[in-house]
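Topology and contacts: notes
Given next are the chains, with one letter for each unit.
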Amino acid sequence: MLERFCPKCGSTDGPFVEGFCKDCYLQDHKMLVIPDKFEIDFCKKCNRIKLKNEWLKYENTEEIADYLLDKLKMEELRKANFKIKFTPKKENVLSANISVKGIFKGLPVAIEKDLELKLAKTNCPDCSRIAGGYFEGILQVRSDNPNQIEKAKRLVDSFLKRQKDNPLAKIIKRISLPNGFDYYIGSKKVVFQAARELKEEFEGRMSTSNTLMGLKEGQEIKRLTACVRFDEEPRD
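What about the sheet that holds strand β15 (residues 219–229)?
Taken in spatial order, the five strands line up as β12-β13-β11-β15-β14 in an open sheet, and their pairing is mixed. At either margin of the open sheet sits one strand with a lone partner, and together these are β12 (171–177) and β14 (205–216). Each strand axis lies, on average, 15 degrees off the axis of its neighbour in the sheet, ignoring direction.

Take a look at the structure:
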């Protein structure tokens, strides 16, 4: 009986796939195509990245991994098991090590590859709007007690710092008044939450109103004004 051999390299070691040894067959048939580099939009102001038309936290490596897996081109790879490890390489570049195990043409295969994710600096839509003076609400604070007014300013600043994941949680304009202040803020949700915290802290009164600003895709766009009033000394 003639000994079977690979017509490309001459190896007699099996297994054989379509007449070729495993190594030669896998060299000529890419069951997995992984680009060497990817480019992802990165907002230089809020440190978020754009994946699948959504802006997410840069630290969200699970979403980045899912994005990369969607970009991989696989051919007849069964029982595929993927592992992706991220490490910062240099400024604006993230290194990813991808390891894949699976079954291809009945053969157990394992592939490992390093690739680079370049972070292309840009401004996300939210940060662009903030830079242009965009605001969705006005926080008004009224009191005849100067100490309360100053404390309320500190509380609002502290509250906004805790909203670091929301790029619209920014004060666009500050107006100081003899009996309080007006803060123009990017997010009306943040305006409402800050007003509620002040109401609870000072046991004050809170009122809200909405002003129609226009229409977008048939939906009314309204601007929120939330006013908090307090006269007595704040509780301990």
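Notes on the packing of aromatic side chains
Scanning the entire structure with this criterion turns up four aromatic pairs. Ring centres of Phe38 and Tyr67 lie 6.4 Å apart, and the angle between their planes is 65 degrees; on these two criteria the pair is classed as edge-to-face. Taken together, the residues span a long stretch of sequence, with Phe38 in strand β4 (residues 37–43) and Tyr67 in helix α2 (residues 61–71) at a distance of 29 residues. For Phe38, a relative accessible area of 11% corresponds to the buried category.

Notes on the state of the cysteines
Inspection of the entire model under this criterion finds zero disulfides. No disulfide involves Cys43; its sulfur sits 3.5 Å from that of Cys46, the nearest cysteine. Cysteine Cys124 shares no disulfide, and the gap to the nearest cysteine sulfur, in Cys127, comes to 3.6 Å. Look at Cys124 and you get buried, because its relative accessible area is 0%.

Focus on the pattern of salt bridges
Summed over all chains, the structure comprises nine salt bridges. Glu150 is the partner of Lys153 in a salt bridge, and the nearest nitrogen-oxygen pair spans 3.6 Å. With Lys153 and Glu150 both in helix α4 (residues 146–161) and three residues apart, this pair spans about one turn of that helix. Taking relative accessible area as the criterion, Glu150 reaches 40% and is therefore assigned partly exposed.

Things to note about unusual backbone geometry
Within the chain, Lys52 stands out as a residue other than glycine whose phi angle is a positive 55 degrees. Position of Lys52 relative to the elements: it lies in the loop between β5 (48–51) and β6 (54–57). For Lys52, a relative accessible area of 52% gives the class exposed. Look at Glu203: it is not a glycine, yet its phi comes out positive at around 50 degrees. For Glu203, the position within the fold is in the loop between α5 (188–202) and β14.

The rules we used
- Residues numbered from 1 in each chain as written.
- Predicted model: local features only at pLDDT ≥ 70, side-chain atom pairs only at ≥ 80, totals over all residues.
- Heavy atoms only, no water.
- Pairing = 2+ DSSP bridges.
- Helix = DSSP H or I, 4+ residues; strand = E, 2+ residues; numbered from the N terminus.
- Axes fitted to C-alpha atoms, helices over the stretch in contact; angles between N-to-C directions.
- Phe/Tyr/Trp six-rings, centres within 6.5 Å; stacked < 30°, edge-to-face > 60°.
- Buried < 20%, exposed > 50% of the residue type's maximum accessible area, 1.4 Å probe, protein only.
- Disulfide = S-S within 2.5 Å.
- Salt bridge = Lys/Arg side-chain N within 4 Å of Asp/Glu carboxyl O.

Geometric descriptors of this kind do not, in isolation, establish any biological role.
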